[in-house]
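If you want the building blocks of each chain, they are given just below.
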Amino acid sequence: MLRFATGLFFLLASATFAADPPIAVAERAQMLAEFTAQLAPLDQAIADGAPGVALYSRRGDRHLFLGQFAKAVADFEKMIALDPTQDAPHWRLGIAYYFTGQFGKSAKQFEKYHAYDGGDRENGIWKFFGDAKVDGLEPARRAMLVYTRFDREPFPALYEMFAGKKTTDALFADLKARKLDDDPKVRFFANYYGGLNEEFLGRRERALTLLHEAVASPWRLTAGGPAYMWQVARLHYEMLAAAKP
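What comes next concerns the included structure.

Thresholds applied
- Residues numbered from 1 in each chain as written.
- Predicted model: local features only at pLDDT ≥ 70, side-chain atom pairs only at ≥ 80, totals over all residues.
- Heavy atoms only, no water.
- Axes fitted to C-alpha atoms, helices over the stretch in contact; angles between N-to-C directions.
- Helix = DSSP H or I, 4+ residues; strand = E, 2+ residues; numbered from the N terminus.
- Left-handed = near helix turned anticlockwise from the far one by under 90°.
- Contact = heavy atoms within 4.5 Å.
- Nonpolar A, V, L, I, M, F, W, Y, C, P; charged D, E, K, R; others polar.
- Expected span 1.5 Å × (residues − 1).
- Buried < 20%, exposed > 50% of the residue type's maximum accessible area, 1.4 Å probe, protein only.
- Polar contact = N/O pair within 3.5 Å; in protein donor to acceptor, adjacent residues only side chain to side chain.
- Salt bridge = Lys/Arg side-chain N within 4 Å of Asp/Glu carboxyl O.

Direction vectors running N to C along helix α3 (residues 53-65) and helix α5 (residues 91-99) enclose 35°, while the axes themselves pass 11 Å from each other. Considering the relative orientation of α3 and α5, their crossing is left-handed. On the side of α3, the interface is formed by S57, D61 and L64, while α5 contributes R92, I95, A96 and F99. Looking at the contact of α3 with α5, its residues break down into four nonpolar, one polar and two charged.

Turning next to helix α11 (residues 184-200). Taking 1.5 Å of rise per residue, 17 residues should cover 24 Å, and α11 covers 24 Å from first to last C-alpha, within 8% of that figure. α11 sits mainly inside the fold: 14 of its 17 residues count as buried. If you check the start of α11, you find a side-chain oxygen 2.9 Å away from the backbone N of K185, and it comes from D183. Positive phi appears at G202, one or two residues downstream of α11, with a value of about 85°.

Take the pattern of salt bridges next. A full pass over the atoms with the stated rule returns 20 salt bridges. Here D174 and R178 are joined by a salt bridge, their closest N and O atoms 3.0 Å apart. Assessed through its relative accessible area of 37%, R178 is described here as partly exposed. One salt-bridge network, in which partners are shared between bridges, spans E153, E160, K166, D174 and R178.

So, on to helix α9 (residues 155-162). Counting buried positions over the eight residues of α9 gives seven, a clear majority of the element. Listed in full, the buried residues belonging to α9 are F155, P156, A157, L158, Y159, M161 and F162. Turning to α9, the residues buried within the fold contact α7 (121-135), α8 (137-142), α10 (168-177) and α11. Remark: G164 follows α9 within two positions and exhibits a positive phi of approximately 85°.

Shown next, in the form of structure tokens:
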């Protein structure tokens, strides 16, 4: 299982573990430097008493991308304290809880999100992750959320994979048969979540290979903004690469 750390130093150090990094070292360093530089004006605006929800949201994201997970949790929770309507849809807080090792809180946050949006299987996958960390794989599978509406590709197949109804290899075979594996976005999510499935099953090297492919995906260049889930995949890859087998 992943060992969860909360410091930027950990994440910076982890880049040295990969002989073949999924993105150029210089590109990664510039990206993290930009996120760091973006913190200062947000800190100042918050200190000056500017209206806070949007500021805490943006700062929480930057803390998350920098691996400062406890600070991300604090900012996201502050958003909810200022505006309780932010609670149910706050899937980013669920991810931050997960990275701080607060797995039970993470699962509960995604349950709240499910009540807000009952059609997003990615939310159900993250609830499963939190439950699996707390209760184990099989109980988490039995507690998986039920979906009746179609979700975006490749999430219906991914959900079956985490439910134990198909293997990671069967997932990729299914995408290939349906001619979906050439879509960069579909391939990114398949590699990312396929990698996490392998990690949960204790197959670290296979997990690293798939996560490496996810982080190297060209989708990040066209996704717009900070490509949020690509950043989350990068964090997962770097932590697994840095963790001792």
